[in-house]
Amino acid sequence: MTTVQMPEAVKPVLNNGIPAILVTCSAEGVPNTTILSQVYWVDEGHVALSFQFFNKTVRNVRENPYASLCVMDLEGYADWVLQIRYDHSETEGPIFDEMEMQIEAIASASGMSGIFVLRAADIYSVESIRKIDGRPSARV
Amino acid sequence: MSPNDRTDPLARKKQEFQLLQDVSARINATLQLEQIYAIALETLADLFGFEHALLFLLDASGEKLVVVASRGYEGHELGGEVPVGTGVPGMVAKKRRFLHMDNVGRQRSYLAAQRRSMVESGRSPEIGASFRVPELDGVQSQIAIPLLANDELIGVVSVESRKPRRFTEDDQVLIAIVANQTASAIRSARLHAELMQTNRELEERVRARTAELETKLQLAEEFLQDANRRVEGPLLGDSPAIVDLRAAIARCAANDDAVLIVGPHGAGKEATARAIHAQSKRARGAFVHVHCPQLTSEDATRLFGSALQPQSDGAAKSKFDLAHGGTLYLEGMEELEIELQVHVGKALQRLDAQRQSGVPFEPDVRVLVGARRDLRVEVQEARFDLELHRRLLRQQIIVPSLRERPEDIPVLAEHFVRRHALELGKDVASIAQPSMRLLQGYRWPGNVRELRHVIERAVVLSRGATLEIDEESLNEGIVFGTYRLVKQIASGGMGEVWLGRHALLARPAAVKLIRTTGIDGQKERELKARFRREAQVTADLRSPHTVQLYDFGISDTGTFYYVMELLSGMDLAAMVRRFGPLPAERVIMLLQQACTSLIEAHERGLVHRDIKPANLFVTALGPNYDFLKVLDFGTVKTTHEDTSEVTLQGAVAGTPAYMAPELVLGKSEIDARADLYSLGCSAYWMLTGQLVFEAENASGMFMHHVNTPPRAPSGVVETPVPRELDELVLRCLAKTREDRPASAAELRECLGRVACAADWTEERARSWWTLHAPDVLSGQATPREDTP
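Rules behind the numbers
Residues numbered from 1 in each chain as written. Chains lettered and ligands numbered in written order. Predicted model: local features only at pLDDT ≥ 70, side-chain atom pairs only at ≥ 80, totals over all residues. Heavy atoms only, no water. Contact = heavy atoms within 4.5 Å. Buried area = accessible area lost by both parts, 1.4 Å probe. Salt bridge = Lys/Arg side-chain N within 4 Å of Asp/Glu carboxyl O. Helix = DSSP H or I, 4+ residues; strand = E, 2+ residues; numbered from the N terminus. Nonpolar A, V, L, I, M, F, W, Y, C, P; charged D, E, K, R; others polar. Axes fitted to C-alpha atoms, helices over the stretch in contact; angles between N-to-C directions. Left-handed = near helix turned anticlockwise from the far one by under 90°. Phe/Tyr/Trp six-rings, centres within 6.5 Å; stacked < 30°, edge-to-face > 60°. Buried < 20%, exposed > 50% of the residue type's maximum accessible area, 1.4 Å probe, protein only. Pairing = 2+ DSSP bridges.

Draft legend 1. Geometry of the interface of chain A and chain B. Between chain A and chain B, the residue contacts involve 27 residues of the former and 31 residues of the latter. Both sides of the chain A and chain B interface together cover about 2,400 Å² of buried area, and 62% of this is carbon and sulfur. When the buried surface of chain A facing chain B is broken down by residue, Met101(A), Ile106(A) and Ala109(A) rank first, second and third, together holding 26% of it. Counting across the chain A and chain B interface gives 2 salt bridges. The dominant element in the side of chain A that touches chain B, judged by the number of residues it contributes, is helix H3 (residues 94–109) of chain A, at 11 residues. Split into classes, the residues belonging to the side of chain A that touches chain B amount to 13 nonpolar, 9 polar and 5 charged.

Draft legend 2. Region of the structure containing the packing of H3(A) against helix H4 (residues 104–120) of chain B. Close contact between H3(A) and H4(B) brings their axes to 10 Å; oriented N to C, the two are set at 65°. Along this stretch, H3(A) crosses H4(B), giving a crossing that reads as right-handed. Where H3(A) abuts H4(B), its residues Gln102(A), Ile106(A) and Ala107(A) lie against Val104(B), Gln107(B), Arg108(B) and Leu111(B). A class-by-class count of the residues in the contact of H3(A) with H4(B) yields 4 nonpolar, 2 polar and 1 charged.

Draft legend 3. Up close: the packing of aromatic side chains. For the structure shown, the criterion picks out 6 aromatic pairs over all chains. Taking the centre distance of 6.4 Å and the plane angle of 85° together, the rings of Phe116(A) and Tyr110(B) count as edge-to-face. Residue Phe116(A) is found in the loop between H3 and strand S7 (120–133), and its partner Tyr110(B) is found in helix H4; the two belong to separate chains. According to the relative accessible area criterion, Phe116(A) is buried, its value standing at 5%. Residue classification places Tyr110(B) among the buried residues on the basis of a relative accessible area of 11%.

Draft legend 4. Region of the structure containing the pairing of strand S5 (residues 141–149) of chain B. All names here are of chain B. Counting buried residues along S5, 8 of its 9 residues qualify, which places the element largely inside the surrounding structure. When strand S4 (residues 99–101) meets S5, the two strands line up antiparallel, connected through 3 bridges. Across the sheet, leucine 99 pairs through a bridge with alanine 144, a residue of S5. Relative to strand S6 (residues 152–161), S5 is paired through 9 bridges, and the arrangement is antiparallel. Its bridge partner lying in S6, leucine 148 is registered against leucine 153. Between the antiparallel neighbours S5 and S6 lie 2 residues, among them asparagine 150 with a positive phi of about 50°.

Draft legend 5. Highlighting the side chain of His389(B). Position of His389(B) among the secondary structure elements: in helix H12 (residues 386–392). Those residues within four positions of His389(B) in sequence are excluded, and the remaining contacts are Leu375(B), Arg376(B), Val379(B) and Phe384(B).

Draft legend 6. View of the sheet that holds strand S23 (residues 624–630) of chain B. All names here are of chain B. The sheet built from 3 strands is open, its strands ordered S20-S22-S23 with antiparallel pairing. The open sheet has two free edges, formed respectively by strand S20 (569–571) and S23, since each of these has just one partner strand. Sheet twist, expressed as the average angle between the axes of neighbouring strands with direction ignored, equals 25°. As paired elements, S20 and strand S22 (residues 616–621) share 3 bridges and run antiparallel to each other. Of the residues in S22, the one forming a bridge with glycine 569 is threonine 619. Running over the sheet, helix H25 (residues 762–772) touches S20, S22 and S23 and is turned about 85° from S23.

Draft legend 7. Quick peek at unusual backbone geometry. All names here are of chain B. Although it is not a glycine, arginine 96 sits at a positive phi angle of roughly 55°. Here arginine 96 is to be found in the loop between helix H3 (87–95) and S4. Given a relative accessible area of 34%, arginine 96 falls into the partly exposed group. One non-glycine residue, arginine 609, lies in positive phi territory at about 75°. For arginine 609, the location among the structural elements is in the loop between strand S21 (606–607) and S22.

This is the structure:
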């Protein structure tokens, strides 16, 4: 699979604070859906997802690296659907630090520091991206 | 167009650059923290259009941030705190990194939903305490920047908005520039504030120290005034004696030469020295007072050594150095060991030579020397350095005793009354006439000092404006056993002799005290042992020609003393010095009496070891004139004991001018013939008025005793000396004791065989005393005019 370049327009949508939907699938073909609070723009071809407490998602991704990610643009009244492929995990470095700092800044003031612990920044390559106008999933 | 107008990037850049220049100029132009905060927040608002901003500073503990300035909050957040590591500003402080969040509200909502879910599912215990971070209500976008100066975290700036807002990388650079300038300015202002605070503290310390020094200066001035008053006291009066003394002081003050100031205890020697200093060109320099008897050998060597070899920079200053430009007063010079006197002589010689050279030198010191005794006697008996004495005699002042200037007593007494009344805050204006007569009639053995003490006591006890003197206070004296000390008669190598009076019998007596001041423990023990021996030995002797011992003991203060019969007369040293050589027949008669005393002592196995004219005292005892008493058995030893037991460790017992060769050589077996040698020396003195040998120091004298044949007395004086007596004296002075008379008894017998032995009659003796010392016959003379 080849990596595609994400358009600039998706950048503000990725980490806009609106939960994104991540769909993974086990080796046996059993799907799983979960919600992510943050999706980070790494570069035009990669995003980073926070690995916090998604045990089933992690297990699926380790068995089957392909996943589907839907982020919502409430202001633009549209969804963006990304086909992504797990690449690697980072437990240090600038991406990890930036993600951890943002999570901790919010969690620390609300007594959630011990729960919202960033274990790793999982880096995915973007294999396709598709905008679906007029269908903001958040309304569902 | 505002800087956050993004429509024209070039114009925006120019405006940003201008703004940064402005902020740099403004923020660096002030050291007021409040102004720096305001400029920083205003700049951020201008650059990015934020209406709300908070400035946090890290507190001293480094564990929390405190809001010190705000914009758009109406001051509500001032003083608010957030721990490092909590909330957006806390995380920025912890990570020391920039943080931008443009979805704070949504992220919080998401977190809140998660939290609610956990609570509903019973997981509340896993949730920690929430913390209210100072921030804008409903904040959506937030950017927080660490304030770093020289890699030191100072605080955090947080700008906030209720609208979503994204920042570009350029924005971040701009924010970093403003933050760095702000941090740098805050750090400078803080350092300035710390410096100001340190400066204030230093100023406070300087003020405190100055006040302390002023207090000390005031005390020093008071001490100086006190010293001046002490100077003033003894020299007051209009008597011829004090007028002469003041004239002598004025003469001595006009030059820089050393001065020998001789006078009895308490008469005003120090006052005289201070007056010379005060009237001299050195008056603005230091007056340094050194009490010689208290000097250890090491002190003295250092003191006088620095006069010969100036101290190098950084070396501890000796009192000689401290007296540079001023005056050094050496009190009690006669008590200094003769070896150290030589150093003083050399120091004076160097000072003279340097003054004559006309070249400035250090230490430039004027030396004044105080002595309580006539140093001529000390020189004659080789206890004082001849060269030093010659040098000191160039300028000598005799301070009169108070008894010699009784007309000054009223003015002195009134002066002391005024002074002590003022000090004690008492209203005492005068002295009652009977009391003044009492003061004028008293003998004042302690001189002006005693007068001052008597007045001090009386002022303390006074109750009215007119001072009354209690007669008892004049006769009180110091109590030793059953005796009171009335006045000092003499002082010598071992101690002092005082006129004492028995408390009940009113019998006068001579009280001898051991001197222990300035003597270390070992020497003190040895001296006391020697003193005790003298007392015990003397008490056991019954010869009428040996001084009688009444009592002895140790006072409450540890002073050893013994009480002897009080003798009215004079010793042979003083007699010959005052009246010249004695006729041969009188010498024979006196020597025979000395032999009588020694016969008993020798028969008991005791050797006196310090026979000399000063220890042969001539008195009038009832109808017997020229009655001789042998004094001072302080160096006595038995013929069985080792010499070291009774002599000071490292010292030679006896008086150098009269010591037998075997004593000089330290031979262990000393017998009665050592006393006969000394008696021969004493006979020589009586017949000729001269010592057997002359030497500049003790060592020279010792050499003569061992090696130099003496001249016959008849060859030294023109007065006739019978040949038999001449030969007898020379026999006594034989270097080998076997060549001397075998005993005091033999010597007495030989003396009796001299042709003129019977020529000195009672009548001649009585006539002599009547003519030369009538006061002795009336019992009013000083019991002992001089002392060994």
